[in-house]
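Listed below, chain by chain, are the residues.
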Amino acid sequence: MSDNTLYPGLNLGDSHGEAHVGAETTVFGFWVFVMSDLIIFGILFAAYASYLDPLGLAGAPGPKDLFDIRSVAIQTGLLLLGGTAYGGVSLSVKYNCSRARVLGWLAVCAALGAGFLFFEIKDFVSQAGEGGVPQASGWLSSYWALVGLHGVHVSSGIVWIIAMMGQIVWRGIDDAVKIRLSMLGVFWHFLDLVWIGIFSFVFLVPLA
Amino acid sequence: MTKSNTDMLDPDDGASHELRNYAIGFGVSLLLTVGAFAALLSHLPTVWKVSAICIAALLQVMTHARNFLHLSLSGRQSREDLLLVMFSTILLAIMAGGTYFIMADLDGRMHDMRDTQDMEGMPAGG
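Residues numbered from 1 in each chain as written. Chains lettered and ligands numbered in written order. Predicted model: local features only at pLDDT ≥ 70, side-chain atom pairs only at ≥ 80, totals over all residues. Heavy atoms only, no water.

Peer 1: How should I be thinking about the overall build of chain B in this particular structure?
Peer 2: Scanning chain B for helices and strands turns up three helices and zero strands. Expressed as a percentage of the 126 residues in chain B, the buried residues total 29%. When contacts within chain B are restricted to residue pairs at least 6 apart in sequence, those whose partners lie at least 24 apart make up 51%. Put simply, chain B shows about 8200 Å² of open surface, and 70% of that area lies on carbon and sulfur atoms. (Helix = DSSP H or I, 4+ residues; strand = E, 2+ residues; numbered from the N terminus. Buried < 20%, exposed > 50% of the residue type's maximum accessible area, 1.4 Å probe, protein only. Contact = heavy atoms within 4.5 Å. Areas by Shrake-Rupley, 256 points an atom, 1.4 Å probe, with all protein chains shown as cover.)

What follows is the structure, encoded as structure tokens:
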């Protein structure tokens, strides 16, 4: 069987030789980590849904008092653009584009992720100001845990992107860097995927 | 895409195909996102709104998995990844779905109990 049947898109392609073969086990191992992360997020979703009743709200401010749907829409747009922009990184690496182009796409991803975090933190601050602090009710605890954990993931994704930019500058795009960029891609797209669940089930469904 | 000789692989051909793949993924995701927000702002009954949001979310997750994460049943590696993802999803469905079912059931029973108590404790004529 030809090695061309590895990842159709997030792979590196035959022309990358060793890195292409090495990516198979390493990136699969990273997928296993991402799936354990998915379980954590899923359980937090279940907790959030369970607390979404009068008992869980416990008289504290609820979804209709706290959620700003416009800000959620802006965050969703920024994260979707940021996720798609990583396609630029994957393809630039795969088709041996210049180092500057890979760095540029990484910078776009980091900037869009930072924009997302800006609006998310702004929301958190205003919600806390309106009495929507984590200790106010079970529902608010689960809300802060779930959305906050996603925010922490995006922050670490940005730190990872900056670290990769440093590695590209200092080491160049060698085999190890290519494999790490593939894993970062899985991570970054995964965060976008979790956000679909968050904006749909955490923000939109309770307001419907 | 199945040529084994790298010299014969036309990079531009592959690149434009994959670019289109990302563009489709972005376009479909954008449509589904706008659809979900539009459903919320519409004047439909709540049940319809919630179902529309859930269906849009499910479709968008599938789009992301296919177009951005490149999971598919064809291709050795992407198939293994997809099987891992599906297994994790089954585990998650049991744990998260089970948690929600148990808690919602408990909640329903507690409401029943509270309502009964309220009625019993209510003064006559009050």
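Now that the structure is up, let's keep going.
Peer 1: Explain a nonpolar patch on the surface to me, please; I cannot follow it from the model alone.
Peer 2: A surface patch of nonpolar side chains, about 550 Å² in accessible area, is lined by Ile43 of chain A together with Phe87, Ile90, Leu91, Ile94 and Met95 of chain B. Inspection of the secondary structure puts Ile43 of chain A in helix H1 (residues 18–51). We classify Ile43 of chain A as partly exposed; its relative accessible area is 34%. (Patch = residues over 30% accessible without salt bridge, like charges linked within 9 Å, V, L, I, M, F, W, Y side chains within 5 Å. Salt bridge = Lys/Arg side-chain N within 4 Å of Asp/Glu carboxyl O.)

Peer 1: Would you mind going over the packing of aromatic side chains with me for this structure?
Peer 2: To describe a pair of aromatic rings, you give the distance between the ring centres and the angle between the ring planes. Residues and elements named next belong to chain A. The full count for this structure, using the stated rule, is 18 aromatic pairs over all chains. Ring plane angle 45 degrees and centroid distance 5.3 Å describe the contact between Phe67 and Tyr143, whose orientation is recorded as tilted. Remark: Tyr143 occurs in helix H6 (residues 138–171) and Phe67 occurs in the loop between helix H3 (63–66) and helix H4 (69–94); sequence separation between them is 76 residues. The pair Phe67 / Tyr143 is uniform in exposure class, with both members buried. Measuring from ring centre to ring centre gives 5.9 Å for Trp139 and Tyr143, while their planes differ by 20 degrees; the resulting arrangement is stacked. Residue Trp139 and its partner Tyr143 are both found in helix H6; the two are separated by four residues, about one turn of the helix. Here Trp139 falls in the buried class, since its relative accessible area comes to 0%. Overall, Tyr143 belongs to the buried group, its relative accessible area being 2%. (Phe/Tyr/Trp six-rings, centres within 6.5 Å; stacked < 30°, edge-to-face > 60°.)

Peer 1: Even after reading the chapter, I still don't get the interface of chain A and chain B, so can you show me in this structure?
Peer 2: How large an interface is tends to be reported as the accessible area lost when its parts come together. The interface of chain A with chain B comprises 50 residues on the first partner and 51 residues on the second. Counting each side, the surface lost to burial between chain A and chain B is near 4600 Å², with a carbon and sulfur contribution of 76%. Summed over the three residues of chain A that lose the most area to chain B, namely Trp31, Leu80 and Tyr95 of chain A, the buried surface amounts to 12% of that side. Taken together, the links from chain A to chain B amount to one salt bridge. Our count for the chain A to chain B interface comes out at three residue pairs in polar contact (both at pLDDT 80 or more). Mapped by element, the contributors of at least two residues to the side of chain A that touches chain B are H1, H4 and helix H7 (175–207) of chain A. Of all the elements, H1 of chain A adds the most residues to the side of chain A that touches chain B, at twelve residues. (Buried area = accessible area lost by both parts, 1.4 Å probe. Polar contact = N/O pair within 3.5 Å; in protein donor to acceptor, adjacent residues only side chain to side chain.)

Peer 1: Could you clarify how one ought to interpret the nonpolar core in this entry?
Peer 2: Across soluble globular proteins, you tend to see nonpolar side chains buried next to one another. Counting residues in each nonpolar core, the largest one holds 79 residues, and the members touching the most others are Leu106, Leu181 and Val202 of chain A. Looking at this core, the elements that each hand over two or more residues are H1, H4, helix H5 (99–129), H6 and H7 of chain A together with helix H1 (11–41), helix H2 (46–68) and helix H3 (76–121) of chain B. Top contributing element to this core by residue count: H7 of chain A, with 20 residues. Looking at this core, you find at least three residues from each of domain 1 (1–70) and domain 2 (73–126) of chain B. Those residues within four positions of Leu181 of chain A in sequence are excluded, and the remaining contacts are Tyr86, Val89, Val93, Val102, Leu106, Met164 and Ile168 of chain A. In terms of nonpolar packing, the next biggest core, distinct from the first, is built from five residues, Leu91 of chain A together with Ala15, Tyr22 and Phe68 of chain B among them. (Core = buried A, V, L, I, M, F, W, Y, C linked by side-chain atoms within 4.5 Å. Domains from an automatic or database assignment.)

Peer 1: Help me out: how do you make sense of the confidence of the model for chain A in this one?
Peer 2: Detailed reading of the predicted coordinates is not advisable wherever pLDDT falls low. Summary statistics for chain A give a mean pLDDT of 90 and a share of 92% for residues scoring 70 or more. Overall, residues 1–9 of chain A carries pLDDT values under 50, and its contacts beyond four positions in sequence, including any with other chains, amount to 32 contacts. (pLDDT = per-residue confidence, 0-100.)

Peer 1: In this structure, what is going on with the packing of H5 of chain A against H6 of chain A? I would like to understand it.
Peer 2: A pair of packed helices can be characterised by two numbers: the angle between their axes and the separation between those axes. Residue and element names in this part refer to chain A. Across the interface, H5 lies against H6 with an axial gap of 9 Å and an inter-helix angle of 155 degrees. Taken together, the axes of H5 and H6 lie roughly antiparallel to each other. Every pair of crossing elements has a handedness; the one defined by H5 and H6 is left-handed. (Axes fitted to C-alpha atoms, helices over the stretch in contact; angles between N-to-C directions. Parallel < 35°, antiparallel > 145°, perpendicular 65-115°, else oblique. Left-handed = near helix turned anticlockwise from the far one by under 90°.)

Peer 1: For this particular structure, what's the right way to read H2 of chain B?
Peer 2: Note on helix geometry: an α-helix contains 3.6 residues per turn, so any two residues three or four positions apart are oriented the same way. Residue and element names in this part refer to chain B. An ideal rise of 1.5 Å per residue puts 33 Å on 23 residues; H2 measures up with 32 Å between its terminal C-alpha atoms. Those residues of H2 not exposed but buried are Lys49, Ile53, Ala56, Ala57, Gln60, Thr63, His64, Ala65, Asn67 and Phe68. Positive phi shows up at His70, right after H2, with a value of about 55 degrees. (Expected span 1.5 Å × (residues − 1).)

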